[in-house]
Amino acid sequence: MRKIHRFALAFTLIGASLSLQSCEDYFDLHENPNLVSNPPLNAMLSTTTHKTGLNSQRIAATTAFYVQYLASPVAGNATDTYQEVDLTGTWDAIYLAMADIQDMKEKGMEEGATDYVGVANIMMAYHLNLIVDHWGDAPYTQAFDNTTLTPRFDSSQDLYAEALRLLDEGIVELNKTDSRIPLRAADDLIHGGNKPQWIRTANAFKARMLNKVSKLPSYDPTAVLTAVDNSYQSNADDAEMEVFEVRNPWAQVAISNTQLILGGWLSEQFVDHLNGTTYGIVDPRLTRITEPTVTGTFVGTPNGVGNVGTASNTFRDEVYISITSPLTGETSPVVIASYAEMKFIEAEAAFRAGNRDRAYAAYLAGITAHMNKLGVPEGERNAYINNPAVSVGAANLTLDLIFKEKYVVTYLSSEAWTDARRYDYQYADFDLPANAELTTFIRRVAYPQGESSKNPNTPNTPALSEPLWWDQ
C-alpha cells in the first residue's frame, strides 16, 4: 500500500502536469505556469510506464466486448452490437502517452541516458500498435514536432514498420553499458528498472507483431520463433503495471457493478468456454476469474441481449468481473504481455512451421504457466491438462486447440481482439451479438469525433466490417 500511496502523490504533483506540458504541439494546450517545464527523467519514466499500463486496460475495456469476454447488461448496447462508438478519450490518452514518451526519448538523448531512450522506443512501439491495430492509419511523423496542429495520417503499414524499427533500436540502446543515468527501480512501474526484462519485453512485442501478419505472404514463423526465444523465460518476466491512484481499473468496474453502476458482466460465450458447456470439460481457471451465482452455477450474459436474469442487479444470477480474482483484484497488476501468451505465440508459429513437437510442448507449457499465474492448485491443473481433450498429443494438435487455450490466457488483454480477427472469430459456438449492426464480425473501430473535429486530415471511417491491412 505504501507503493500505491507514494505513487498517488507523485502522480498528482508531477505526472499529471507532465502529461499536459508535453503535448502542447498536438493538443494545442497553452502555457501554464503551474506545469513542470523541465521534468526529470525519473518522473517521466514513472508517468510513461504508468500510462502504458492504463492504456492497455483502456483499449481492452472496449474490445473485450468484441471478443465476448464481456457483455452489456443492457440490450442493444452500442459497443456490444457493433455500432460506431466515440473513443476520443482512449485515442487522446494514447497520444498523450506517446507525446510524453517522445519527450522522455528526446531528453534521454540530450543527457546521454541510453537506458531511457531504449525504454521510450519500446513503449512508443507498443502505443503505435494500439493505434494501428484498432484504427489503422494515424498521425505519427508530424504529431510531435511542433510543425503543425493538423498532422497528416501515416499509413498503417508504415507505422507497423516503424514500430518494428523502434523495438530493434530499443534493444540496441538497452544493450549499451554507458548510460549516464541508469533506470531507477522505484520509477519504472513495469519492470522496476530491470534492463534484461525490458529487452525481453521488446522481443515479446516483436513476436506479437511478426505473428500478427499470419494471413500475409510475408509471414515468417522462423522470425517469430526467434523473437519468442529472446522474450520471456517464466511468469516472473511478465510486463505488468500494478501501481494505481486508487485501485486496478477492472476492480473499480467490479465495485461499481455492486453499486448498480452496471458493467463487467461476463459474456455467455466466455463463461460457456470455461464451464463445460462448449467443450465438455470444466476449466479450473473459471473460479479464479469469477464467482458463482447464488445457485452455485456459472451463467454468462448473451451479447446484445442484456440481462436475462432479474430486472435489477441485486440477485446474483449471472457472473461478473471479480475483485477476488488475481487478474482483477484491487491491487492486481494490469498485464501488458505475458510468458503464457508467448508460449502460445510459439505454439502457433511452430505449428505453422511444421514443427509439431515444439508446438505441442509450447501449448502445454502455456496452459501450465497461466494456471500457475492464477494460483490453480497442482491437482486441478494436472487433471485439466491430462484430460484427453487437452493432452491430445503432438500429432493431433490443431490451430483450433491453440487458439481455444490462448483465448483464456488473453482474458481482458488488449491483444485478444487481434487474435480473434486473425482467427476469423472461429472460436466454437461464437456467434454475432443479437441485433448486431453488422452482418459480419467487427474488424475496426471508428475514428474518434474529437480527432475528426480538429484535424481535417482524419480519414472517413470505412465500414466497421472492413479488415485492416494485416487482417486481409
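The preceding data block contains the structure.
No experiment lies behind these values; they were computed from the predicted model shown. (Residues numbered from 1 in each chain as written. Predicted model: local features only at pLDDT ≥ 70, side-chain atom pairs only at ≥ 80, totals over all residues. Heavy atoms only, no water.)

Draft legend 1. The arrangement of the overall build of the protein chain in detail. From N to C terminus, the protein chain includes 17 helices and four strands. Whereas a compact globule of 472 residues would reach a radius of gyration of roughly 23 Å, the protein chain reaches 22 Å, a difference of no more than 12%. Overall, the protein chain is about 60 × 50 × 45 Å in size when its C-alpha atoms are taken along their principal axes. Burial statistics for the protein chain: of 472 residues in total, 61% are counted as buried. Expressed as a percentage of contacts within the protein chain between residues at least 6 apart in sequence, the contacts between residues at least 24 apart total 76%. (Helix = DSSP H or I, 4+ residues; strand = E, 2+ residues; numbered from the N terminus. Rg over C-alpha atoms; globule rule 2.2 N^0.38 Å. Buried < 20%, exposed > 50% of the residue type's maximum accessible area, 1.4 Å probe, protein only. Contact = heavy atoms within 4.5 Å.)

Draft legend 2. Seen up close, the packing of aromatic side chains. Taken as a whole, this structure holds 26 aromatic pairs when the rule is applied. Centroid distance Y69 to F270: 5.1 Å. Interplanar angle 80°. Geometry classified as edge-to-face. With Y69 in the loop between α3 (41-66) and α4 (88-110) and F270 in helix α10 (residues 268-274), the pair connects residues that are 201 residues apart, well separated along the chain. The buried category is assigned to Y69, whose relative accessible area is 1%. For F270, a relative accessible area of 0% corresponds to the buried category. Centroid distance W91 to F153: 6.4 Å. Interplanar angle 20°. Geometry classified as stacked. Within this pair, whereas W91 is found in helix α4, its partner F153 is found in strand β2 (residues 153-154), the two being separated by 62 residues in sequence. When its relative accessible area of 0% is taken as the criterion, W91 is described as buried. Judged by relative accessible area, F153 falls into the buried class, the value being 15%. Of the aromatic side chains, those joined through ring pairs into one cluster are Y69, F270, F403, Y407, Y411, Y423, Y425, Y427, F430 and F441. (Phe/Tyr/Trp six-rings, centres within 6.5 Å; stacked < 30°, edge-to-face > 60°.)

Draft legend 3. Expanded view of helix α12 (residues 339-352). Between its first and last C-alpha, α12 extends 20 Å over 14 residues, near the 20 Å set by a 1.5 Å rise per residue. Counted residue by residue, α12 has 13 buried out of 14 residues, so it is predominantly covered. Just downstream of α12, G354 is the residue with a positive phi angle, here 85°. (Expected span 1.5 Å × (residues − 1).)

Draft legend 4. Representation of the environment of A64 within the structure. Its place among the elements puts A64 in helix α3. A64 gets classed as buried once you look at its relative accessible area, which sits at 2%. Once the C-alpha coordinates of A64 and P39 are considered, the two residues, 25 residues apart in sequence, prove to be 36 Å apart. The contact partners of A64, leaving out residues within four places of it in the chain, are Y69, L70 and L412.

Draft legend 5. Looking closely at helix α15 (residues 399-409). For α15, the tally of buried residues reaches nine of 11 residues, placing the bulk of the element in the interior. Here α15 has its buried residues at L401, I402, F403, K404, E405, K406, Y407, V408 and V409. Those residues of α15 hidden inside the fold are in contact with α10, α12, α13 (356-373), α14 (378-385) and α16 (416-422).

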